[in-house]
Amino acid sequence: MRIAILSTNSDLYSTRRLVQAAEQHGHEPVVIDHLRCQVMIEGGKPEVLYKGQPLKQIDAIVPRIGASVTDYGCAVVRQFEMMKVFTTARSQAITRSRNKLRSLQVLSKAGVGLPKTVFAKHPKDVDQLIALVGGPPVVIKLLEGTQGMGVVLAETAKNAKSTIEAFYGLKANVLIQEYIAEARGADIRAFVVGGRVVGAMKRQGKEGEFRSNLHRGGSGQAVLLTPDEEWTAVNAAKALGLRVAGVDMLQSQRGPLVLEVNSSPGLEGIEKTTGIDIAGQIVDFIEEKIPTDENDTVGV
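1. Notes on the environment of Pro-46
So, step 1. With respect to the element layout, Pro-46 can be found in the loop between strand E3 (37-40) and strand E4 (47-50).
So, step 2. Taking C-alpha positions, Pro-46 is 6.2 Å from Met-83, a pair spaced 37 residues apart along the chain.

Below, the structure written as structure tokens:
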């Protein structure tokens, strides 16, 4: 098969590993910068152009779409979908997962455990919003934030109120979320591929840091999920329509609580922490979904 990895940087760990895994499985990988793609719209004849030339004979795509270019990246993925090319992440699922509020609403409907969260556009009573999530400390999140950026822990009502008012003064949309003290600055990243968890790690924030992102200095260790945690991870990905996802969960006294579901989860942290060939698992999933017989005509 000819597998296209949509990535703006071929040197990134995740991109390199997907290329390597595809080659090890006997396929032909090609890295395509989706920002250099052009979408050709014509009645009954959708095409994707790359550097001015039509992309043909692509059997599957693996989107690695950055948050800052979600709209354009999803337009390219959607075009491949119109061309009947298999994708490990549908455009609609990527868009849904990138909107923090929308994704939480979808997860809530699916019965997935979540921290108490409140959203209001122009609140008249900030104190009431803080009280709705259990009072200080509270976590304040920008809707557009990624990788731990745009996330603030306000330890007192005064700090929370001033932070929220400052964000609203800048016309920023924010979520106010309860702080799960028993998690102690740690969370679990479960990697879901094709409806099953293929690897999981516990991430611990560095001392004095409540965010556990590895790129912010946190540490990770491989873990086995409880049945509740595995159910939560699988169903969170399923609810958002993601075939490949990184599901971030907190361990709380009332069970696992989903923080976020990532549609383009990085491979470096999970592979180096667990020793599991996650890239190979993604290629395995593609093989399960697409016939590899040379007589089959797949893609364009």
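Picking up where we left off.
2. As for the sheet that holds strand E7 (residues 86-87)
So, step 1. Pairing in this open sheet of 4 strands is parallel, and the strands run E2-E1-E6-E7 from one edge to the other. At either end of the open sheet lies a strand with only one pairing partner, and these are strand E2 (28-32) and E7.
So, step 2. Where strand E1 (residues 2-6) lies against strand E6 (residues 60-63), 4 bridges are found, and the strand directions are parallel. Paired with Ala-4 across the two strands is Ile-61, which belongs to E6.

3. Describing the sheet that holds strand E5 (residues 53-54)
So, step 1. On the basis of which strands lie adjacent, the open sheet formed by 3 strands has the order E3-E4-E5 and antiparallel pairing. The sheet terminates laterally at E3 and E5, the two strands that pair on one side only.
So, step 2. Contacts from helix H2 (residues 70-82) reach E3 and E4 within the one sheet, and its direction differs from that of E3 by about 55°.

4. Details of unusual backbone geometry
So, step 1. Residue Pro-137 is reached from Pro-136 by a cis peptide bond, and omega for that bond is -5°.
So, step 2. Position of Pro-137 among the secondary structure elements: in the loop between helix H5 (126-132) and strand E9 (138-142).
So, step 3. One non-glycine residue with positive phi stands out, namely Lys-51, at about 55°.
So, step 4. Structurally, Lys-51 can be placed in the loop between E4 and E5.
So, step 5. Overall, the relative accessible area of 53% leaves Lys-51 in the exposed class.
So, step 6. Despite not being glycine, Lys-84 has its phi angle at roughly 65°, a positive value.

5. As for the nonpolar core
So, step 1. Of all hydrophobic cores here, the largest spans 25 residues; its most connected members are Leu-18, Phe-191, Val-193, Leu-267, Ile-278, Ile-282 and Ile-286.
So, step 2. Put simply, the parts of the chain that give this core at least two residues each are E1, helix H1 (13-24), E6, strand E12 (186-193), strand E13 (196-204) and helix H9 (278-289).
So, step 3. Excluding residues that lie within four positions of it along the chain, Phe-191 makes contacts with Arg-196, Val-197, Val-198, Gly-199, Val-244, Ala-245, Pro-265, Gly-266, Leu-267, Ile-270, Ile-278 and Ile-282.
So, step 4. One finds Ile-188, Leu-225, Ala-236 and Ala-245 within the second-largest nonpolar core, a separate group that totals 24 residues.

Cut-off values and rules
Residues numbered from 1 in each chain as written. Predicted model: local features only at pLDDT ≥ 70, side-chain atom pairs only at ≥ 80, totals over all residues. Heavy atoms only, no water. Helix = DSSP H or I, 4+ residues; strand = E, 2+ residues; numbered from the N terminus. Pairing = 2+ DSSP bridges. Contact = heavy atoms within 4.5 Å. Axes fitted to C-alpha atoms, helices over the stretch in contact; angles between N-to-C directions. Buried < 20%, exposed > 50% of the residue type's maximum accessible area, 1.4 Å probe, protein only. Core = buried A, V, L, I, M, F, W, Y, C linked by side-chain atoms within 4.5 Å.

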